[in-house]
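Spelled out from the first residue to the last, the chains are:
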Amino acid sequence: GENVEQHPSTLSVQEGDSAVIKCTYSDSASNYFPWYKQELGKRPQLIIDIRSNVGEKKDQRIAVTLNKTAKHFSLHITETQPEDSAVYFCAVGGGSNYKLTFGKGTLLTVNP
Amino acid sequence: GAVVSQHPSRVICKSGTSVKIECRSLDFQATTMFWYRQFPKQSLMLMATSNEGSKATYEQGVEKDKFLINHASLTLSTLTVTSAHPEDSSFYICSATDAGARAFFGQGTRLTVV
C-alpha cells in the first residue's frame, strides 16, 4: 500500500517568516495531494490540494509544489501569522476509491 | 467547501453499551464516506470505507462486528460502536468525498466509555 512520510514533525517559526513542510510518497500511481490544517479538538480543514498534472499551485499565502519524478510534495506558508499555528497533515490519494493516506502531521507554532 | 455534519460531538457511555455516530453530507451527495479514529497527538487512522448501498470495506485489524457501518443513503453514513469498552474511547471522525474527489471532514465525536 501507499506509504507517506511527513517532515518535520514539529516546526517553530517567528511571525512573518516562511514555513515549509515536506511529504514523500511511495506509489507512483497516486495522483491527488491535499493538505489539511487541524486545530486542537477540531476537524481537519482542506487548505489546498494539487493534482498530478500540475507542478505548483498557490492560494494567497499558501502554495503547494509537486515533484512527481521524485515523489514528493511540499506545503509553503509565507508571512506566517499566529493563527497559522496548528497541525498540518499531508495526504495522498489516487484511484477510484478516493481513499487517502495521511502523513503523521506537523505541529506548526508561529511565535508572535 | 462542502459541509459534513457529524453527531454527536461528545458522548459518554457505560461499558457494554452501544453508541451510534452519524455522518451527513449536507450540500452534496457522497457515494463514499470514510471513518477514522484519531488518538491524541497522532494522525488519522482509517478504519473503514463506507460505500452507499453496499457493505463497508474495513482496514486490516479493524473488527467489523465491533464497528458496524451503514451507508443507507447518499448523504448519511452511521458508525455503531458495539459493546463499547474503555479502550474504545477515542476521537472518531468521518469524511465525505465530493464529485471532485475532495474529502471534507465532520466535526468529530469524542467517545468516552466509563
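Predicted model, so just to flag it, every value in this text is computed and none were measured.

Here the focus is the environment of B:Val3. All names here are of chain B. With respect to the secondary-structure elements, Val 3 resides in the segment before strand 1 (4-7). Relative accessible area serves as the criterion here: at 37%, Val 3 is assigned to the partly exposed category. Distance in space between the C-alpha atoms of Val 3 and Thr 80 is 22 Å, their sequence separation being 77 residues. Look past the residues within four positions of Val 3 in its chain and what remains in contact with it is Arg 24, Ser 25, Leu 26, Asp 27 and Phe 28.

Right, let's talk about the sheet that holds strand 3 (residues 19-25) of chain B for a bit. All names here are of chain B. Pairing is antiparallel in the open sheet, where four strands are placed in the order 1-3-8-7. Whereas interior strands pair on both sides, the edge strands pair on one side only; in this sheet they are strand 1 and strand 7 (67-73). Within this sheet the neighbouring strands show an average axis-to-axis angle of 15°, counted without direction. As judged from the six bridges shared by strand 3 and strand 8 (residues 76-81), these two strands associate in the antiparallel manner. Each bridged residue has a counterpart across the sheet, and for Val 19 the counterpart in strand 8 is Val 81.

For the coordinates displayed, the defined rule picks out eleven aromatic pairs over all chains. A network of ring pairs unites the aromatic residues A:Tyr36, A:Phe89, A:Phe102, B:Tyr36 and B:Phe105 as a single cluster.

Taken as a whole, this structure holds two disulfides over all chains when the rule is applied. Covalently, A:Cys23 is tied to A:Cys90 through a disulfide, its sulfur atoms 1.9 Å apart. One disulfide, between A:Cys23 and A:Cys90, carries an S-S torsion of -100° and so falls in the left-handed class. Of this pair, A:Cys23 sits in strand 3 (residues 19-25) while A:Cys90 is found in strand 9 (residues 86-93), placing the two residues 67 residues apart along the sequence. An identical accessibility class is assigned to A:Cys23 and A:Cys90; each is buried. Across the disulfide, B:Cys23 is cross-linked to B:Cys94 (sulfur-sulfur distance 2.0 Å). What sets the handedness of the B:Cys23 and B:Cys94 disulfide is the S-S torsion sign, and at about 80° it is right-handed. Residue B:Cys23 is located in strand 3, and its partner B:Cys94 is located in strand 9 (residues 90-97); the two are separated by 71 residues in the primary sequence. Judged on exposure class, the residue B:Cys23 and its partner B:Cys94 are both buried.

Attention shifts here to the pattern of salt bridges. All names here are of chain B. In total, this model carries seven salt bridges over all chains according to the counting rule given. The residue Arg 24 makes a salt bridge to Glu 22 at a minimum N-O spacing of 3.4 Å. What makes Glu 22 partly exposed here is its relative accessible area of 28%. Between Lys 66 and Asp 88 there is a salt bridge; the shortest N-O distance is 2.6 Å. Separated by 22 residues along the polypeptide, Lys 66 in the loop between strand 6 (57-58) and strand 7 and Asp 88 in the loop between strand 8 and strand 9 bring together distant segments of the chain. With relative accessibility at 5%, the residue Asp 88 sits in the buried group.

Cut-offs and rules
- Residues numbered from 1 in each chain as written.
- Chains lettered and ligands numbered in written order.
- Predicted model: local features only at pLDDT ≥ 70, side-chain atom pairs only at ≥ 80, totals over all residues.
- Heavy atoms only, no water.
- Helix = DSSP H or I, 4+ residues; strand = E, 2+ residues; numbered from the N terminus.
- Buried < 20%, exposed > 50% of the residue type's maximum accessible area, 1.4 Å probe, protein only.
- Contact = heavy atoms within 4.5 Å.
- Pairing = 2+ DSSP bridges.
- Axes fitted to C-alpha atoms, helices over the stretch in contact; angles between N-to-C directions.
- Phe/Tyr/Trp six-rings, centres within 6.5 Å; stacked < 30°, edge-to-face > 60°.
- Disulfide = S-S within 2.5 Å.
- Salt bridge = Lys/Arg side-chain N within 4 Å of Asp/Glu carboxyl O.

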